[in-house]
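Letter by letter, the chains look like this.
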Amino acid sequence: MPRNPSPRGAAPIAAPEIPLHRRPVVWFATVGALLMVLGLTLSGPDGEDEPKALTEAEMTATVTPADPSPTPVAVSATPEALIPPWREFRVRNGDNLSLIFNRAGFSDTDLYRVARASDGRSLRRVYHGETVAFQADNDGELIAVRHVQSPLLTTLYTRESDGFVATDQVREPERSARNVSMTIDTSLFLAGTAAGLSDAMIMELAGIFGGVIDFVLDPRQGDTIHVLYEELMLDGQRFDDGPILAASFTNRGETFEAHRYTDLEGDTSYYNEKGVSMRKAFLRAPLDFTRVSSNFNPNRLHPIYKTQRPHRGTDYAAPRGTPVYAAGDGRVIEAGYTRPNGRYVFIQHGEQFETHYLHLHKLKVKKGDRVKQGAVIGTVGSTGAATGPHLHYEFLVNGVHRNPRTVHKILPKARSLPEEELPRYLAAIQQPTRQLASLRNAQQLAAAE
């Protein structure tokens, strides 16, 4: 087809030089459409199209190829980009709210306005290690305060038209079932630590079995313990210990089981496989112990006075400052100091029983106080006639000293679940009972192999 000649005196129409392989299809479509609009139809003598002369306006028209790159579009700011940033401050020793607000650039007036929200709630007191964060608007005016008290509890104070409003944000950790088996080589604490249990859980375990086992004298090498418990998880990481669900302790060939159970009245406690409470009237050992230095001996030669004096109790040697517990519920009838006894506490339990705690370093109770079993009443020391830090513990029945190691045989029996509730309890412990039996069997097979 012949080219369209350029009119005389007019410069030819020049198209931008674009390599053929880079010319998009849309360019050709654009040119075709433009030619149709301009009426550039071709007609020949035999009905074929011939070139038609271009007008001056047509000659000056320039076709621009489509730009393959996208046209920039203005993007508006996202709502997140408009949110004012938080500024966090960690509470340090000696800090108070006024210091923290001033450090953040806010006044005591701002503090007063925030503290008025729901009577101040968490901001009445802050503790070392907590964080307080502040949010301000473009004018620097305080619009929100965030008090992170723990990973599970945050209180948010937001400014409304009539003042600040407080809202608690509570998170619930996930519960994950765990189990562990251990064998005692030297002590419960070392065995528990080697098995990965925390100190708090080891003490809880000792508390559960504290009414049936004296963890100073009873455990022997080879005793086995199996524990079913929960671990609390937060964001996929271990956050804290959960409760012990069930445990078994095989001591000198005898197995004791304990199961966590919430009765129909809503009280949670531990019971054995027959529904008898694990909580006895008295603890077998009234302290965090390490070793026993002297047992009950009515004919002992006193180590200081060098005279034949009866040793009417048990001495538990332990580091100074070790907590000493009340062996049972009762009332403090004496608390003071004498030269032979050092600092001491006497507790009356009902009408028949009395316990004495001698040579204490510090007293945590006073005469007349009511105490619960397991309450800290003092700490181990060496006051008075003592050769070293230890607790001297005595047990009296109707005013007569009895051996603390054997007196449990005549003590009141632990309470049992009501007869009508027993079927519900037995149904609830079926699964953990099977799990404990399976753990014991697996450990026995492993030991045999």
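Our subject is the structure listed above.
Because the structure is predicted, anything quoted here is derived from the model rather than measured.

> Teacher, can you tell me more about the sheet that holds strand β1 (residues 86-90) here?
Strand pairing in a sheet relies on backbone hydrogen bonds. The paired strands run either parallel or antiparallel. Spatially, 5 strands are ordered β1-β2-β3-β4-β5 in an open sheet, and the strand pairing comes out antiparallel. Each edge of the sheet is formed by a strand with only one pairing partner; in this case those strands are β1 and β5 (163-170). The sheet shows a mean angle of 20 degrees between the axes of neighbouring strands, direction not considered. Bridge analysis of strand β3 (residues 142-150) against strand β4 (residues 153-160) gives 6 bridges, and the strand direction is antiparallel. The residue bridging H147 from the neighbouring strand is T155, located in β4. Along the sheet, helix α5 (residues 108-115) contacts β3, β4 and β5; its crossing angle with β3, the most-contacted strand, is approximately 65 degrees.

> Sorry if this is basic, but what is going on with the packing of aromatic side chains here?
Aromatic rings in a pair are described by how distant their centres are and how their planes are angled relative to each other. This model, assessed by the stated rule, comprises 12 aromatic pairs. Ring geometry for Y357 against Y393: centres 5.5 Å apart, planes inclined by 35 degrees, an arrangement best described as tilted. Of this pair, Y357 sits in strand β16 (residues 353-363) while Y393 sits in strand β19 (residues 390-397); the two residues are 36 residues apart in sequence, bridging distant segments of the chain. Judged on exposure class, the residue Y357 and its partner Y393 are both buried. Feature note: the residues F89, F101, F106 and F134 constitute an aromatic cluster, connected by ring pairs. Over the ring of W86 we find R146; its NZ or CZ atom is 4.3 Å from the centre of that ring.

> Could you clarify how one ought to interpret the pattern of salt bridges in this entry?
Two side chains with opposite charge may pair up if their charged atoms get near one another. Under the criterion given, the structure shown has 13 salt bridges. Where D110 meets R113, a salt bridge forms, and the shortest distance between an N and an O atom there is 3.9 Å. Of this pair, D110 and R113 both sit in helix α5, 3 residues apart, which is roughly one turn of the helix. For D110, a relative accessible area of 13% gives the class buried. With its nearest N and O atoms 3.1 Å apart, the salt bridge here joins R440 to E257. Taken as a pair, R440 in helix α9 (residues 430-448) and E257 in strand β9 (residues 254-262) lie far apart in primary sequence, 183 residues in all. On the accessibility criterion, R440 (17% relative accessible area) is buried.

> Would you explain empty space enclosed by the protein in this entry?
Empty space among the atoms can be located by rolling a probe the size of a water molecule over them. The tally for this structure, following the rule as stated, stands at 1 cavity of 30 Å³ or more. When its volume is computed, the largest cavity comes out at roughly 50 Å³. Residue lining of the largest cavity: F282, L283, R284, Y393, F395, P404, V407, H408 and L411, and that is the complete set. Partitioning the lining of the largest cavity into residue classes produces 7 nonpolar, 1 polar and 1 charged.

So, how was this worked out
Residues numbered from 1 in each chain as written. Predicted model: local features only at pLDDT ≥ 70, side-chain atom pairs only at ≥ 80, totals over all residues. Heavy atoms only, no water. Pairing = 2+ DSSP bridges. Helix = DSSP H or I, 4+ residues; strand = E, 2+ residues; numbered from the N terminus. Axes fitted to C-alpha atoms, helices over the stretch in contact; angles between N-to-C directions. Contact = heavy atoms within 4.5 Å. Phe/Tyr/Trp six-rings, centres within 6.5 Å; stacked < 30°, edge-to-face > 60°. Buried < 20%, exposed > 50% of the residue type's maximum accessible area, 1.4 Å probe, protein only. Lys NZ or Arg CZ within 6 Å of the ring centre and 35° of its normal. Salt bridge = Lys/Arg side-chain N within 4 Å of Asp/Glu carboxyl O. 1 Å grid on protein atoms, 1.4 Å probe; cavity = no way out; pocket = protein on both sides within 12 Å on 5 of 7 lines; lining within 4 Å. Points joined across faces, edges and corners; volume = space filled by probe spheres on them. Nonpolar A, V, L, I, M, F, W, Y, C, P; charged D, E, K, R; others polar.

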